[in-house]
Amino acid sequence: MSATTWAWLVLLLPLLGSISIALGFRAIPARAAGIVGTAPIGLAFACGVAMLANLLGQDPDARHHASSLWDYASVAGLDIKLGIYVDQLSTFMVLVVTGVSTLIHLYSFGYMQSDEGYHRFFSYLNFFVFSMLLLVLAGNFVLLIVGWAFVGFASYALISFWYRRTTATRAGMKAFVINVVGDIGLVLAAFLIFRELGTFDYGAVFAKAPEVFSTNEWTVTAICLLLLVGAFAKSAQLPLHTWLPDAMEGPTPVSSLIHAATMVTAGVYLIARTHVLFVLAPTAADIAAFTGLATLLVAGTIAIAQTDLKRAIAYSTMSQIGYMVMGVSIGAYAQGLFHLMTHAFFKALLFMAAGSIISAMANRQDIDRMSGFWKAMRFTSVLFLIGSLALAAFPLTSGFFSKDSILAFAEARGGMYTWMAIGGYVGAFLTAIYTFRLVFRVLPGDPCPEAEHLIESDELYHGPPINPATEEEEDTEVGFPGAHHHIAEQSKPMAVAMAVLGFGALFAGLIQIPGVTDVLFKFLDPAFANSPLSEVHPSVGAEWRGLAIGGLISILGIATAWLLWVRQPELPALFRERLRPVYLLCLDKWYFDEGIDLLVVRPALAIGRFANRTFERLVVDGLVIGTEDVVGGGGRLVRIVQSGYVRGYALLLIVGFAGLALYFLLSSS
Amino acid sequence: MNVEWYVVLSSLLFAVGAMGILVRRSPIVILLCLELMLNAGNLALVAFSRMVGNQQGQVFAIVVMVVAACEVVVGLGLIVALFRRKLPLDVDALRELRG
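Reading the values: the criteria
- Residues numbered from 1 in each chain as written.
- Chains lettered and ligands numbered in written order.
- Predicted model: local features only at pLDDT ≥ 70, side-chain atom pairs only at ≥ 80, totals over all residues.
- Heavy atoms only, no water.
- Helix = DSSP H or I, 4+ residues; strand = E, 2+ residues; numbered from the N terminus.
- Areas by Shrake-Rupley, 256 points an atom, 1.4 Å probe, with all protein chains shown as cover.
- Rg over C-alpha atoms; globule rule 2.2 N^0.38 Å.
- Buried < 20%, exposed > 50% of the residue type's maximum accessible area, 1.4 Å probe, protein only.
- Contact = heavy atoms within 4.5 Å.
- Lys, Arg positive; Asp, Glu negative; His and termini not counted.
- Charge placed at Lys NZ, Arg CZ, Asp CG, Glu CD.
- Pairing = 2+ DSSP bridges.
- Phe/Tyr/Trp six-rings, centres within 6.5 Å; stacked < 30°, edge-to-face > 60°.
- Buried area = accessible area lost by both parts, 1.4 Å probe.
- Salt bridge = Lys/Arg side-chain N within 4 Å of Asp/Glu carboxyl O.
- Polar contact = N/O pair within 3.5 Å; in protein donor to acceptor, adjacent residues only side chain to side chain.
- Nonpolar A, V, L, I, M, F, W, Y, C, P; charged D, E, K, R; others polar.
- Core = buried A, V, L, I, M, F, W, Y, C linked by side-chain atoms within 4.5 Å.
- 1 Å grid on protein atoms, 1.4 Å probe; cavity = no way out; pocket = protein on both sides within 12 Å on 5 of 7 lines; lining within 4 Å.
- Points joined across faces, edges and corners; volume = space filled by probe spheres on them.
- Axes fitted to C-alpha atoms, helices over the stretch in contact; angles between N-to-C directions.
- Parallel < 35°, antiparallel > 145°, perpendicular 65-115°, else oblique.
- Left-handed = near helix turned anticlockwise from the far one by under 90°.
- Expected span 1.5 Å × (residues − 1).
- Bend = angle between axes of the 7 residues up to and from the residue.
- pLDDT = per-residue confidence, 0-100.
- Patch = residues over 30% accessible without salt bridge, like charges linked within 9 Å, V, L, I, M, F, W, Y side chains within 5 Å.

Colleague: Talk me through the overall build of chain A; I want residue IDs and the actual numbers.
Modeller: When helices and strands are counted, chain A shows 27 helices and 2 strands. Referenced to the eigenvectors of the C-alpha coordinate spread, the extents of chain A come out at roughly 115 × 65 × 60 Å. Surface exposure of chain A reaches about 27,000 Å², of which carbon and sulfur atoms provide 68%.

Colleague: Describe the overall build of chain B, listing the residues and the values that go with them.
Modeller: Each helix and strand in chain B was counted, giving 3 helices and 0 strands. Moving toward the C terminus, one meets the helices and strands of chain B in the order α-α-α. On C-alpha atoms alone, chain B measures out to a radius of gyration of 17 Å, which is more than a quarter above the 13 Å that the 2.2 N^0.38 rule sets for 99 residues. Once the C-alpha set of chain B is aligned to its principal axes, its extents read approximately 50 × 25 × 25 Å. Expressed as a percentage of the 99 residues in chain B, the buried residues total 29%. A fraction of 57% describes how many contacts in chain B between residues 6 or more apart in sequence connect residues 24 or more apart. Split by element, the accessible area of chain B, about 6,900 Å² in all, is 72% carbon and sulfur. Distance between charge centroids for chain B: 9 Å, based on 8 positive and 6 negative side chains.

Colleague: Quick one: what's the story with the pairing of strand β2 (residues 78-86) of chain A, residue by residue and with numbers?
Modeller: Bridge analysis of strand β1 (residues 65-75) of chain A against β2(A) gives 8 bridges, and the strand direction is antiparallel. Opposite Ser67(A), over in β2(A), you have Ile84(A) as the bridge partner.

Colleague: Break down the packing of aromatic side chains for me, with residues and values.
Modeller: Ring pairs (aromatic) are described by centroid distance and by the angle formed between their planes. Residues and elements named next belong to chain A. Under the counting rule described, the total for this entry stands at 21 aromatic pairs over all chains. Aromatic pair phenylalanine 121 and phenylalanine 161: ring centres 5.2 Å apart, planes at 75 degrees, arrangement edge-to-face. Pair noted here: phenylalanine 121 is in helix α4 (residues 118-137) and phenylalanine 161 is in the loop between α5 (141-159) and α6 (166-197), with a separation of 40 residues, a long-range link. For the residue pair phenylalanine 121 and phenylalanine 161, the accessibility class agrees, reading buried in each case.

Colleague: Tell me about the interface of chain B and chain A, residues and numbers included.
Modeller: Taken residue by residue, the interface counts 12 residues in chain B and 10 residues in chain A. Overall, the association of chain B and chain A removes approximately 1,000 Å² of surface from exposure, summing both partners, and the carbon and sulfur fraction of that is 57%. Where chain B touches chain A, the interface holds 1 salt bridge. Taking the shortest distance from any N to any O, the salt bridge between Asp92(B) and Arg647(A) comes out at 2.4 Å. Applying the counting rule to chain B against chain A returns 5 residue pairs in polar contact (both at pLDDT 80 or more). Considered class by class, the residues forming the side of chain B that touches chain A number 6 nonpolar, 1 polar and 5 charged.

Colleague: Mind laying out the nonpolar core, listing which residues take part and the relevant values?
Modeller: The nonpolar side chains of a soluble globular protein tend to be buried, and buried together. Residue and element names in this part refer to chain A. With 193 residues, the main nonpolar core has Phe128, Met132, Leu137, Leu144, Leu277, Leu309 and Phe373 as its most contacted residues. Per element, the largest residue contribution to this core is 18 residues, and it comes from helix α15 (residues 333-360). Residue contacts for leucine 277: discarding those within four places in its chain leaves Ile193, Phe206, Ala209, Phe213, Val220, Ile223, Cys224 and Leu227. Counting 17 residues, the second largest nonpolar core, distinct from the first, contains Leu293, Met326, Phe409 and Ile553.

Colleague: I'd love a proper account of helix α11 (residues 266-273) of chain A, names of residues and values included.
Modeller: Most of α11(A) sits out of view: 8 of its 8 residues are buried. Inspection of α11(A) places Ala266(A), Gly267(A), Val268(A), Tyr269(A), Leu270(A), Ile271(A), Ala272(A) and Arg273(A) among the buried residues, and these make up the whole buried set.

Colleague: Go over empty space enclosed by the protein with me, naming the residues and quoting the values.
Modeller: All names here are of chain A. The final tally for this structure, using the stated rule, is 5 cavities of 30 Å³ or more. As for the largest cavity, its lining consists of Tyr111, Met112, Ser114, Asp115, Trp162, Ser359, Asn363, Pro481, Gly482, His484, His485 and His486. Partitioning the lining of the largest cavity into residue classes produces 4 nonpolar, 7 polar and 1 charged.

Colleague: So, the packing of α4(A) against α5(A): which residues are in play, and what are the values?
Modeller: Residues and elements named next belong to chain A. One way to put it is that α4 packs onto α5 with a least axis distance of 8 Å and a crossing angle of 155 degrees. By the angle between their axes, α4 is roughly antiparallel relative to α5. The two elements α4 and α5 meet at a crossing, and its hand is left-handed. Of α5, the residues touching α4 (which contributes Phe121, Tyr124, Leu125, Phe127, Phe128, Phe130, Ser131, Met132, Leu134 and Leu135) are Leu143, Leu144, Val146, Gly147, Trp148, Phe150, Val151, Phe153, Ala154, Ala157 and Leu158. Looking at side-chain class alone, the contact of α4 with α5 contains 19 nonpolar, 2 polar and no charged residues.

Colleague: Could you give an account of helix α26 (residues 592-641) of chain A, with specific residues and numbers?
Modeller: With 50 residues, α26(A) extends 69 Å between its outermost C-alpha atoms, agreeing within 8% with the 74 Å of an ideal straight helix rising 1.5 Å per residue. At Glu616(A), α26(A) is bent by approximately 60 degrees, the largest bend along its length.

Colleague: Which residues make up unusual backbone geometry, and what are the values?
Modeller: All names here are of chain A. Across the junction of leucine 238 and proline 239, the peptide omega takes the value -10 degrees, indicating a cis bond. Counting through the fold element by element, proline 239 comes out in the loop between α8 (218-234) and α9 (243-246). Phi at alanine 236 takes a positive value of approximately 55 degrees, unusual for a residue other than glycine. Within the secondary structure layout, alanine 236 lies in the loop between α8 and α9. The phi torsion at leucine 396 lies on the positive side, around 75 degrees, for a residue other than glycine. Mapped onto the fold, leucine 396 is located in the loop between α17 (378-391) and α18 (398-413).

Colleague: Explain the packing of α8(A) against α11(A) to me, and be specific about the residues and the numbers.
Modeller: All names here are of chain A. Direction vectors running N to C along α8 and α11 enclose 155 degrees, while the axes themselves pass 7 Å from each other. Relative to α11, the element α8 lies roughly antiparallel. Judged by residue contacts, Leu227, Leu228, Ala231 and Lys234 of α8 engage Ala266, Gly267, Leu270 and Ile271 from α11. Per-class residue counts for the contact of α8 with α11 are 6 nonpolar, 1 polar and 1 charged.

Colleague: Please set out the confidence of the model for chain B residue by residue, giving values where relevant.
Modeller: Of all residues in chain B, 98% attain a pLDDT of 70 or more, and the chain-wide mean is 90. At the level of chain-chain contacts, confidence expressed as ipTM amounts to 0.85, with global pTM at 0.79.

Colleague: If you had to explain a nonpolar patch on the surface to someone new, which residues and values would you point to?
Modeller: Taken together, the side chains of Phe610(A), Phe615(A), Leu618(A), Val619(A), Val620(A), Leu623(A), Val624(A) and Ile625(A) present a nonpolar region at the surface, about 760 Å² in accessible area. Looking at the secondary structure, you find Leu618(A) in helix α26.

Colleague: So what's going on with the environment of Lys522(A)? Which residues, and what values?
Modeller: Mapped onto the fold, Lys522(A) is located in helix α22 (residues 519-524). For the pair Lys522(A) and Pro60(A), spaced 462 residues apart in sequence, the C-alpha separation works out to 9.1 Å.

Colleague: So what's going on with the pattern of salt bridges? Which residues, and what values?
Modeller: All names here are of chain A. Per the stated rule, a full pass over the model turns up 12 salt bridges over all chains. Here arginine 311 and aspartate 246 are joined by a salt bridge, their closest N and O atoms 3.1 Å apart. With arginine 311 in helix α14 (residues 309-330) and aspartate 246 in helix α9, this pair connects stretches of sequence that are 65 residues apart. On the basis of relative accessibility, which here comes to 16%, the residue arginine 311 falls in the buried class. Aspartate 246 gets classed as buried once you look at its relative accessible area, which sits at 17%. In the salt-bridge network here, residues are joined through shared partners; they are Lys174, Asp246, Glu249, Asp308, Arg311 and Asp593.

Colleague: Account for the environment of Phe429(A), with residues named and values stated.
Modeller: Structurally, Phe429(A) is set in helix α19 (residues 416-442). Along the primary structure Phe429(A) and Ser554(A) are separated by 125 residues, whereas in three dimensions their C-alpha atoms are 6.0 Å apart.

Written out as structure tokens, the structure reads:
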């Protein structure tokens, strides 16, 4: 079979899984739903591997294929096919998405076991995987938009999965609205591309673009900026990021899959996919790179002050995606995607471990309450530590190689990009601090009551079910998290999924050691060969120098965290007091929510209120009431004639006919 | 004889009928006046028919008579119905359809 046939199978399997669970939820018993949900994703991963094997059998420069099943829309001048585009980039994304999804499905199999919405969960999750695969495999901008909107919906449905929690439904709406802002940007970009180039097809667009556009022409810059609006909204970059921390209201596997490993990297994929356009619009690319840099720094500072375990990890996700966006925008395409892959491993792992800990805490997420889990949950703790090490780019872990490859590239490009590399290293220092802040506060120390309970009775602590955001007690019925929770120590599927990811988080970096192995870049580079930036290559020596600096910074950051939260735990309190404004700025997330509220929400509300009170009353009501008065007045006039006297009517008739006769007589003479 | 005389007579008859409809209140008289107006029309038709010299106007007059007969049937039926229900035989009293 050809690569495209495998790709169609990759798309088909999750869709079948989703539909069969959704339609057959009465017939499929609870545990079977997990299998029906997980198996297609595993098979899709296998098909992805087959797709890769097929591509590897071909010449590196001929590894791109388009295929279409039928016409999606075909009207005057518009020819859109239901087509996919298989090349190194989409194959890579398919493998990351299906691979991580398989493991997270496996994890959910255990984690969600006691939830009343088990079927619904797997159906949504499969639908999400289908949408994400559609997004990465789409062969034209129209299908890309379809996939883009589908993942937005899947994200909404899964954030609001516990639909009787008002905080969750509100977070879902927020995510959806902000994502729609991005969708609009993407749609407008597609319109503009069609107007300028007359096609939506990837191959044709990227072939024509260099001929039609001159560098930094306003149209291509506008297209790229609009694409960036879409990418920023989906990938939670400033200032469209506020939905991502709130999205943590969803179940933890959802945070792990959608809001860490796959969906939020769609923006990175988009920039890499349209790199031909970004090369033609260096201004837009620089804007993207600076936004990435700003996001990684801002999110890093916020993550240090957060006390909610999942939110802190969510901010770290934002920060890491900042690295990727910066990477693919400055031309470090393969490097950015490399970080995307390793990040998918270690961030998914971190969320899984966090989910396990949160389960043991009876759904509480406040790290102020947690301590001593090293003694209570050894397996989870080890994997939490592995994930944190990889996130903090500790030497020889996967994050170490991937993050530094981006920064080494930035340094090699020189000029202002050197400053980006320096900013990236500052961000790496922050990353190490906030990551190990979590580690040092959750793992060591005396066990907290919940951990104590687990050690003593080997059973999970079951407090009253609490909404972690509002501390309110809630139901355990359908639409809420179930009463029973599951931890990796007591659930095989969860443990297996975490172990595999832990292996990836530790060793995935070994496929791309500068000067030693070059598996990934050799595979990906031909896809970006048409970019002039692919000429830029940091020397092996420079890369190792970067790695040394990165490793040093990482160890320094971890040591700082150790000093602050283990050695002298009174120091953070002192900092909080002395640097109160800075602390409050970070704790309140740099007031982005408030800023958006002030700049967008309130003006919109004011316009709405004006429309309601003034426009509606004066203009709309005026029109309606005016019409009513005219019709009513006319009716009243006509009523006078309708007297009920038969002879009155007769008189009218006679007078009327006489009038007509007179008129015709006069006009004929 | 000149056709004008016929037309003048027809107009007079028509005016008398119309006046009767406007001023009288008894439904029977109103029906009579209606007949008068129709026959005024008939007279004009026949007169013009003779003037022109073909029979089409006369055919028309016969059709009008048929219509008049039908109309009388309906009208008298209404009057009988009014009488049976003991309603006043006065068209001004029957003004329930007032707007």
